[in-house]
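What the coordinates show
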Amino acid sequence: MHRIFQGNIFSGVINVADERLIVALDFHTMDDVKKLVDELGDSVNFYKVGMELFYSVGADVVEWLKSQDKKIFLDLKLHDIPNTVAGGLCSLMNLGANILNVHASGGFTMMKTAAEALHKESELRGVECPKLIAITVLTSINQAEWCGALKISEQVVEFAKLAQSAGLDGVVASPQEAKLIREACGEKFLIVTPGIRPAGADINDQQRISTPAVALQNGATHLVIGRPIRAAKNPREAAEKILAEMAGI
Ligand code: C5P
């Protein structure tokens, strides 16, 4: 779907960045953001802005990333009653991010109301509708910590089917559930996977993890990667290694 990466990154020839890679900007200052984005240069085109950064610097970071021609996943994980989430998303739509998200555990009516409101609002304004995806079960939760009645993988698939029937474009899930979601929800459904760790990397607080290659082989459309790139001694080299692993899959 997004296999537009071409060229040999080690020879420095990059035609277009592989937009399946989304780098998480988990910082709280614009200086740190600018430093990393500058360092990664044209090797990365898609960034995730989460709550730490958005609560610190607000809409400025989205504006700045857009001015650099970068795509944005605004990961604010909305979770409230249907009317409040729909209104919140319509306000966020003003910022022009490419992907927005809500929690699937907010329920079918919340997700459907949110998706319908976004589509209606984008039509009214004549702007492209951002993709709306749902968080299933956080990748930091393992089976021992999980207190649901279903197994985590079963619950994730149930959430994915619920999100799809509510009119959402995809889900956030662990790479370990990507295959089951792909089977249940078909080819076009977005599967965005955090919990990505290159072989040998520190897993930090993530639990349900896989390597970049395995996540893509399992059907992930986008990989969200933070610390393995951001905290590396040489972030560009770390990103290029990951991109090399992704190339060809
Ligand atoms: O540093 P790391 O690669 O673990 O970063 C993963 C990013 O993905 C973080 O910004 C985290 O908030 C986000 N995320 C996640 N699990 C989810 C949804 C989002 O780890 N289910």
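A brief structural summary. (Residues numbered from 1 in each chain as written. Predicted model: local features only at pLDDT ≥ 70, side-chain atom pairs only at ≥ 80, totals over all residues. Heavy atoms only, no water.)

Thoughts on the overall build of the protein chain
In terms of helices and strands, the protein chain carries 10 helices and eight strands. In terms of C-alpha radius of gyration, the protein chain reaches 17 Å, essentially the compact-globule figure of 18 Å for 249 residues. The principal-axis extents of the C-alpha atoms in the protein chain amount to approximately 50 × 40 × 30 Å. Out of the 249 residues in the protein chain, the part that is buried amounts to 51%. Looking at the protein chain alone, contacts between residues at least 24 apart form 66% of all its contacts between residues at least 6 apart. Surface accessibility of the protein chain: about 11,300 Å² in total, with carbon and sulfur atoms responsible for 50%. Positive and negative side-chain charges of the protein chain, numbering 25 and 30 respectively, have mean locations separated by a distance of 3 Å. (Helix = DSSP H or I, 4+ residues; strand = E, 2+ residues; numbered from the N terminus. Rg over C-alpha atoms; globule rule 2.2 N^0.38 Å. Buried < 20%, exposed > 50% of the residue type's maximum accessible area, 1.4 Å probe, protein only. Contact = heavy atoms within 4.5 Å. Areas by Shrake-Rupley, 256 points an atom, 1.4 Å probe, with all protein chains shown as cover. Lys, Arg positive; Asp, Glu negative; His and termini not counted. Charge placed at Lys NZ, Arg CZ, Asp CG, Glu CD.)

Details of the layout of surface pockets
Estimated volume of the largest pocket: approximately 560 Å³. In terms of lining residues, the largest pocket is bounded by 27 residues, among which D26, K48, K77, P194 and Q206 are the most central. The set of elements that each furnish at least two residues to the lining of the largest pocket consists of strand 2 (46–50), strand 3 (71–78), strand 8 (222–225) and helix 9 (227–230). A per-class count over the lining of the largest pocket returns 11 nonpolar, eight polar and eight charged. In this structure, the second largest pocket occupies an estimated 420 Å³ of space. For the lining of the second largest pocket, a count of residues per class yields eight nonpolar, five polar and six charged. (1 Å grid on protein atoms, 1.4 Å probe; cavity = no way out; pocket = protein on both sides within 12 Å on 5 of 7 lines; lining within 4 Å. Points joined across faces, edges and corners; volume = space filled by probe spheres on them. Nonpolar A, V, L, I, M, F, W, Y, C, P; charged D, E, K, R; others polar.)

Let's talk about the sheet that holds strand 6 (residues 170–172)
With respect to topology, eight strands assemble into a closed barrel ordered 1-2-3-4-5-6-7-8, the strand pairing being parallel. Each neighbouring strand pair of the sheet contributes to a mean axis angle of 25°, computed without reference to strand direction. In the sheet, strand 4 (residues 99–103) pairs with strand 5 (residues 131–135) via five bridges, with the strands oriented parallel. Across the sheet, L100 pairs through a bridge with L132, a residue of strand 5. (Pairing = 2+ DSSP bridges. Axes fitted to C-alpha atoms, helices over the stretch in contact; angles between N-to-C directions.)

Topic: the pattern of salt bridges
In this structure the tally under the stated criterion is 12 salt bridges. The salt bridge involving K71 is made with E19; its shortest N-O contact spans 2.8 Å. Taken together, the residues span a long stretch of sequence, with K71 in strand 3 and E19 in the segment before strand 1 (21–24) at a distance of 52 residues. (Salt bridge = Lys/Arg side-chain N within 4 Å of Asp/Glu carboxyl O.)

Regarding the pairing of strand 1
Here strand 1 shows no split at all, with L21 and V23 on one side and I22 and A24 on the other all buried. Pairing between strand 1 and strand 8: three bridges, direction parallel. Its bridge partner being in strand 8, V23 is matched across the sheet by I225. Sheet topology note: the strand 1/strand 2 ladder contains three bridges and is parallel. Along strand 2, the bridge assignment pairs V23 with Y47. The parallel pair strand 1 and strand 2 is bridged by helix 1 (residues 30–40), and the resulting crossover is right-handed. (Right-handed = clockwise from strand over helix to strand, strands pointing away.)

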